[in-house]
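# Coordinates in review
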Amino acid sequence: MQNKGAVVALTIIITLLCVYYLSFTFVSRGIQQDAVEYATDDTGVVDLGKKQNYLDSVWNLPVYNLFGIEYTYKEVKDTELSRGLDLQGGMHVTLEVSPIDIIKGLSGNSTDPQFNEAIRAAKEKQKNSQERFAALFYQSYSEISQKPLADIFANAANRGRVSRGDSDDAVMDVIEKEIEDAIDRSFIILRTRIDQFGTSQPNIQRLQGTGRIQIEIPGADNPERVRKLLQGVAKLEFWEVAEPTEYSNSLYAINDLLVKEQKQAFEQGKSGAAAAATENLTDALSADTTQTDDLGAALEGQTTDSTQSKLDSLSSQISPLFALSRAGGTLIYDVRDTAEIGKIIRRPDVKSLLPRTIKPLWEVKPTVNEQTGEELLQLYFVTVGRGGQAQLTGEVITDARQDLDEYARPAVSMQMNAQGTRVWRKMTAEAANQNPRGRIAIVLDNLVYSAPGVNGEIPSGNSQISGSFTLEEAKDLANILKAGSLPAPTRIVEEAIVGPTLGQLAQSQGIVSILAGLGMVVLFMIAYYAKGGLVANIALVFNIFFILGILAQFNAALTLPGIAGIVLTIGMSIDANVLIFERIREEMKNGVKLREAITMGYKKAFSSIVDANVTTLLTAIILFVLGQGPIKGFAITLMIGIFCSFFSAVYITRVVVEWMVGRRDDANVSFSTPMSKNILSNVNIDFMGKRKMAYLFSTIFIVIGMALTFTQGLNLGVDFQGGRSYIVNFKDPVVATDMKLALSESFENAGTEVKNFGGNNIMKVTTSYLVNDETDGADDKVKNALVSGVESFTGLKYVADDSQVDVARFSISGSSKVGATIADDIKSASFEAGIFAIIAIFLYILVRFRKWQFSTGAIIALIHDAAFVFSAFAIAGLFGIKYEIDQVFVAAILTIIGYSINDTVVVFDRIREYLNLGTSNDRLQIFNQAINGTLNRTMMTSLTTLVVVLILFLFGGEVLRGFSFALLVGILVGTYSSVFVASPIVVDLDKKNLK
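It should be emphasised that the depicted structure is a prediction, and the values quoted were computed from it without experimental measurement. (Residues numbered from 1 in each chain as written. Predicted model: local features only at pLDDT ≥ 70, side-chain atom pairs only at ≥ 80, totals over all residues. Heavy atoms only, no water.)

### A short note on the overall build of the protein chain
The cut-off we apply is this: Secondary structure counts use DSSP, requiring at least four H or I residues in a row for a helix and at least two E residues in a row for a strand, with both numbered from the N terminus. Relative accessible area decides the class of each residue, using a 1.4 Å probe on protein chains only: under 20% of the type maximum gives buried, over 50% gives exposed, and in between gives partly exposed. Contact definition: two residues touch when any of their heavy atoms are within 4.5 Å.
A count of helical and extended segments in the protein chain gives 34 helices and 23 strands. Evaluated residue by residue, the protein chain yields a buried proportion of 53% over its 995 residues. Considering only contacts in the protein chain between residues 6 or more positions apart, those separated by 24 or more positions represent 73%.

Next comes the structure, spelled out in structure tokens:
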């Protein structure tokens, strides 16, 4: 094998990187376990608030030392392999920035009846359209009114941007740019707000091409608080930065108060009565190691008179307020110390020592000290006006944009309305007259984004803010300044809440699925391929280890669909080794010696392995690009799994096999056992002769399934039809049909489904009640209707904490909401994913096999497989088995497409080989020989993959039940179609070359 050294070196490098990144996960899990132990009382009950306080206390403290580099808990959490919401609980929200309010704001809240009618018409069109709202508005306005848009939008708010003579296209450009800017502003504001969740590891991203922002907050246990935080109106304010002379005496008074407490704590600590109370003094002196050593000795009662005198002197002069400061008289602190300083300044007795005319505010973004590497935050004090209100707020800003100053450095230009101009002139004049010059803080949601100095009075509302900005920072600040200029409220169009108990259950089920699937495959491979199976298992372990390590490196979250992807790659990674081993066995049967057979086996199997992996990779990429939420998590894991399985199965196994064989052809390395030696080795089935029977069977099954689909309909989940669903937990069993009847009155006879969810004491309730009302009020109304209906039906009381469910109480452990508009978008995206997958695979097969008959046969087989799975779902409904059709089901269909084409490509590859060899002039005979020649591989791969998917179906939990059922059917029908559909179609399309 060439480049063996490179393979070994790359394996070692990847392994070390995976160990490095996964080590953070183990450290994080250890700290969380410490937090649980700390918060667990004598009865075994965990106080969640106490646990969170523990984690908050170590958030900015070093907890991991690796090769002399210290990592804080925050850095450890940022680097660990994080879990998705479905594995640990939390909240997923998709927000939509309302373009309606932006357009109305640009129009100056016009009362023009035709304008308002166009808005209403566009709202109706949006329910059944994928076009952006601005385009629908213009379409509706053009149908209703003959007046140009400039008549509506040429107003004071748009001075300089829209003029009376502007064309409709020019006005629409302004509208669309303003909508896009509003989304950017909302994204920046929301990103800053959710960062305040600290240990919750929130994640936020813009969904490009839409006006939506997707947010995930793992561990969020207060949905109401999250909703208020995300939908609250941004508060942009301008404050004068207070001079140090206004508060310096107060700071000294606070220092004296803290020093007095330190002395008392020290005396208690010295006597051993309350050693924990000396923590503040320890922090204050931690910068000087000799002082810390003296303090440690004092706490142990070992102080000398000189040490005692030294400590008394130190503790009489300084408190953490000053000791932790990193910049002399300026209150700048290491990020790790800000929690301690924050506790101090929030204390009522400390607040009482500050003048009422000032208030403290933190800087929003830390700066990095290039010499020490510390992240530093400044504590500002701003001057409070009458009534505690800011002199100037964001509503006065009409425009702001990223610009360049006179030295070509990034800056920000902003314009204000007349009212703002007057106040701004006064503020800047007062600041400019101060010595040294005054500063004005730009504050959003009580965090200081910038505090530029003022060089002189600014008589107009046009100002430029310059500083040490990067281009990106200048753009962000411009967006912040515009945050209050136009209303851009957000509404929640999709929401999912997973309780911690449900998340923990899903995690346990996922781990069981992986371990059980892995165990079964390991045993089966050794039983079938002897030492060759042992080598395949080594590659399999490397494969899973690499997947987890790379997920951690990419900072990707492991989700339940992601676990399904790992389980699937277990079966797929075996496929490559099965192809290789079967080729080796064929060569040895033909009399080739062991070492040469190994070389030929890897060489001949390579093209089939590449083709099979590329086609599956194409579907994974399409899933990633077009999918959302769980589909994206599945696609990421599947893509990583494809690369890892290819490397481990093709290259790592070859290094191991050649090491075991050495230079001997008589080495004791076998690729078969007595049980498997002659299985399917001499079969000669006439598959082509049975193709018409297969066509008839498939047609009958699909026709029955499609007829049931059209007459009864499929069980669409909220992903595809909109609505709300809830997971309701009981202690004792509940009859689903009785509960459905009881809830019909509460939900005003709206469409409602109630079914068992993994057990007869857990119910999933899905309803279309108020499906078109996406307000928070509607959410509360639906939930209250559910609670009251269940309470009336069962006589139980609702409790929010699902760990408190007993014979007298029930809880809601999870919920989800999908608005009607976003449900329509999900359906369209799913349809697009399927079409793109089929086109991509058609083109790839066409390029690889150079005949349109092969491409057409492959695509017909894929459509056949998808239709077969849909039909299986419909027919299963006849027997009372109703699985939901949702986003995860779409992932299953596309995975089946990838798996099926994998099987088909292997058969096609052998057909191409036999055609090139010219073994016969009879095409039917060649096709039969090729299928029989790959039958051993086909059955082995199908069997191993079927085993792991069956385990996923049995132990993967209710969330993945429909997904795994689809895969079970898909694997069986994919194997069947590669033999009885794809290859026969090629034959029938190429009849002139049959003989």
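### Section: helix H6 (residues 113-126)
Residues three or four positions apart in an α-helix share a direction because the helix packs 3.6 residues into each turn. The following threshold applies: Expected span, for any helix, means 1.5 Å times one less than how many residues it has. The arc in question is formed by the directions pointing from the helix axis toward the C-beta atoms. By the criterion applied in these results, polar contacts are pairs of N or O atoms within 3.5 Å in which, for protein atoms, one can donate a hydrogen and the other can accept it, and in which residues neighboring in sequence qualify only through two side-chain atoms.
If you check H6, its first and last C-alpha atoms are 20 Å apart, about what 14 residues at 1.5 Å a residue would give, namely 20 Å. When H6 is considered as a whole, its buried residues turn out to be Phe115, Asn116, Ala118, Ile119, Ala122 and Gln126. Buried positions in H6, seen along its axis, are confined to an arc of 155 degrees and lie on one side of it. Between the side-chain oxygen at the start of H6 and the backbone nitrogen of glutamine 114 there is a gap of 2.9 Å, and the oxygen is on aspartate 112.

### Considerations on the environment of valine 521
Position of valine 521 among the secondary structure elements: in helix H20 (residues 500-529). Classification of valine 521 by relative accessible area gives buried; the value is 1%. Along the chain, valine 521 and leucine 943 lie 422 residues apart, while their C-alpha atoms are 9.6 Å from each other. With near-sequence residues (within four places) excluded, valine 521 lies in contact with Asn537, Leu540, Ile570, Ile574, Thr944 and Val948.

### Some remarks on the side chain of aspartate 611
Mapped onto the elements of the fold, aspartate 611 is located in helix H23 (residues 594-626). At a separation of 2.8 Å, a polar atom in the side chain of aspartate 611 contacts the side chain of tyrosine 844. In this structure, aspartate 611 is in contact with Tyr844, Arg848, Phe849, Val905, Asp909 and Arg912, ignoring residues within four places of it in sequence.

### Some points on the packing of helix H22 (residues 560-589) against helix H33 (residues 935-955)
As a reminder of what qualifies: Angles shown run from 0 to 180 degrees and are taken between the N-to-C directions of axes, each axis being a line fitted to C-alpha atoms and, for helices, limited to the stretch in contact. For classification purposes, angles smaller than 35 degrees are called roughly parallel, those larger than 145 roughly antiparallel, those between 65 and 115 roughly perpendicular, and all remaining angles oblique. Crossing handedness is defined as follows: a turn of the near helix away from the far one that is anticlockwise and smaller than a right angle gives a left-handed crossing, while the clockwise case is right-handed. Only Asp, Glu, Lys and Arg are considered charged in this grouping, and only Ala, Val, Leu, Ile, Met, Phe, Trp, Tyr, Cys and Pro are considered nonpolar; every other residue, Gly among them, is considered polar.
Across the interface, H22 lies against H33 with an axial gap of 9 Å and an inter-helix angle of 160 degrees. By the angle between their directions, the pair H22 and H33 is classed as roughly antiparallel. Seen along the crossing, H22 lies across H33 with a hand that is right-handed. For the pair H22 and H33, contact is made by Ala564, Val567, Leu568, Ile570, Gly571, Ile574, Asp575, Val578, Leu579, Glu582 and Arg585 and by Asn936, Arg937, Met940, Thr941, Thr944, Thr945, Val948, Val949 and Leu952, respectively. Class assignment for the residues of the contact of H22 with H33 results in 11 nonpolar, 5 polar and 4 charged.

### Describing the nonpolar core
What counts here: Here, the term nonpolar core denotes a set of buried Ala, Val, Leu, Ile, Met, Phe, Trp, Tyr and Cys residues that are joined through side-chain atoms within 4.5 Å.
Within the largest apolar cluster, 139 residues are counted, with the highest numbers of intra-cluster contacts made by Ile845 and Phe963. Once you skip the residues sitting within four places of it in the chain, isoleucine 845 turns out to touch Thr615, Arg850, Phe854, Ser855, Ala858, Ile901 and Val905.

### Concerning the confidence of the model for the protein chain
The condition is simple: The quantity called pLDDT is the predictor's confidence in a given residue, expressed from 0 to 100.
Summing up the model confidence of the protein chain, the mean pLDDT is 79 and the portion of residues at 70 or higher is 87%. When mean pLDDT is compared element by element in the protein chain, helix H25 (residues 691-712) scores highest at 90, while helix H13 (residues 289-299) scores lowest at 38. In the model, residues 270-316 has pLDDT below 50 throughout and makes 55 contacts with residues more than four positions away in sequence or in other chains.

### Brief notes about the pattern of salt bridges
The condition is simple: Any Lys or Arg side-chain nitrogen found within 4 Å of a carboxyl oxygen on Asp or Glu counts as a salt bridge.
Under the counting rule described, the total for this entry stands at 24 salt bridges. The residue glutamate 913 makes a salt bridge to arginine 910 at a minimum N-O spacing of 3.9 Å. You can see glutamate 913 and its partner arginine 910 sitting in helix H31 (residues 887-917), 3 residues apart, about one turn around the helix. For glutamate 913, a relative accessible area of 23% translates into the label partly exposed.

### Regarding the packing of H22 against H23
Taken N-terminus to C-terminus, the directions of H22 and H23 make an angle of 145 degrees; their axes are 7 Å apart at the nearest point. Note that H22 runs across H23; the crossing there is right-handed. Mapping the contact onto sequence places Met572, Ala576, Leu579, Ile580, Arg583, Ile584, Glu587 and Met588 in H22 and Leu594, Ala597, Ile598, Met600, Gly601, Tyr602, Lys604, Ala605, Ser608, Ile609 and Thr616 in H23.

### Quick look at a nonpolar patch on the surface
As a reminder of what qualifies: Each patch is built from residues that are more than 30% exposed by relative accessible area and take part in no salt bridge. Like charges join if they lie within 9 Å; nonpolar side chains (Val, Leu, Ile, Met, Phe, Trp, Tyr) join within 5 Å. For every accessible area listed, the method is Shrake-Rupley and the probe measures 1.4 Å; residues are considered covered only by the protein chains on display.
Taken together, the side chains of Val512, Leu950, Leu954 and Phe955 make up a nonpolar region of the molecular surface, amounting to roughly 340 Å² of accessible area. With 3 residues, H33 is the largest single contributor of residues to the nonpolar patch. Classification of leucine 950 as partly exposed rests on a relative accessible area of 39%.

### Some words on the state of the cysteines
Let me state the cut-off plainly: Two cysteine sulfurs form a disulfide in these notes if their separation is within 2.5 Å.
The full count for this structure, using the stated rule, is 0 disulfides. Between cysteine 644, a cysteine without a disulfide, and cysteine 18, which holds the nearest cysteine sulfur, the sulfur-to-sulfur distance is 7.3 Å.

### Digging into H33
An ideal rise of 1.5 Å per residue puts 30 Å on 21 residues; H33 measures up with 30 Å between its terminal C-alpha atoms. Just downstream of H33 lies glycine 957, where phi reads positive at about 95 degrees.

### Concerning the side chain of serine 107
Relative to the helices and strands, serine 107 resides in the loop between helix H5 (99-106) and H6. Leaving out residues up to four positions away in the same chain, serine 107 has contacts with Phe115, Ile152, Phe153 and Asn155.

### Description of the packing of aromatic side chains
Our working definition: Only Phe, Tyr and Trp rings are paired, with Trp represented by its six-membered ring, and only when their centres lie within 6.5 Å; those with planes under 30 degrees apart are stacked, over 60 edge-to-face, the remainder tilted. Whether a charge lies above a ring is judged from NZ of Lys or CZ of Arg, which has to be within 6 Å of the ring centre and within 35 degrees of the ring normal.
With the rule as written, the count across this model stands at 40 aromatic pairs. Considering the side-chain rings of phenylalanine 24 and tyrosine 64, the 5.3 Å spacing of their centres and the 90 degrees angle between planes classify their relative orientation as edge-to-face. Highlighted residues: phenylalanine 24 in helix H1 (residues 4-39) and tyrosine 64 in strand S1 (residues 62-66), separated in sequence by 40 residues. Site record: aromatic cluster; members linked through ring pairs are Phe687, Phe697, Phe701, Phe868, Tyr976 and Phe980. The ring of phenylalanine 849 carries arginine 912 above its face, with NZ or CZ at 4.4 Å from the centroid. A cation over a ring is seen here: arginine 961 above phenylalanine 953, with NZ or CZ 5.8 Å from the ring centre.

### Concerning the pairing of strand S15 (residues 440-444)
Here is the rule we go by: What makes two strands pair is DSSP finding at least two bridges between them.
For S15, the tally of buried residues reaches 5 of 5 residues, placing the bulk of the element in the interior. Relative to S15, strand S6 (residues 236-241) runs antiparallel, the two sharing 5 bridges. If you follow phenylalanine 238 over to S15, its bridge partner there is isoleucine 442.

### Some remarks on unusual backbone geometry
Its identity is not glycine, yet phenylalanine 67 carries a phi of approximately 55 degrees, on the positive side. Taking relative accessible area as the criterion, phenylalanine 67 reaches 79% and is therefore assigned exposed. You will see that alanine 530, though not glycine, has its phi angle at about 55 degrees, which is positive. When its relative accessible area of 18% is taken as the criterion, alanine 530 is described as buried.

### Some words on the pairing of strand S3 (residues 90-97)
The buried fraction of S3 is high, at 8 of 8 residues. Pairing analysis gives 7 bridges linking S3 to strand S5 (residues 212-218), with the strands arranged antiparallel. If you follow methionine 91 over to S5, its bridge partner there is isoleucine 217. In terms of strand pairing, S3 meets strand S18 (residues 490-498) through 8 bridges, oriented antiparallel. Note on S18: the bridge partner recorded for valine 93 is glutamate 495.

### Examining the sheet that holds strand S17 (residues 463-466)
If you trace the 3 strands from one edge of the open sheet to the other, you get S13-S14-S17, paired in antiparallel fashion. A single partner strand is all that each edge strand has here, and the edge strands are strand S13 (397-404) and S17. On average, adjacent strands in this sheet sit at an angle of 25 degrees to one another, irrespective of strand direction. Two elements, S13 and strand S14 (residues 410-416), share 7 bridges in a ladder whose sense is antiparallel. Within the sheet, the bridge partner assigned to glutamine 402 lies in S14 and is valine 412. Seen against the sheet, helix H18 (residues 418-432) touches S14 and S17 and runs at an angle of roughly 120 degrees to S14.

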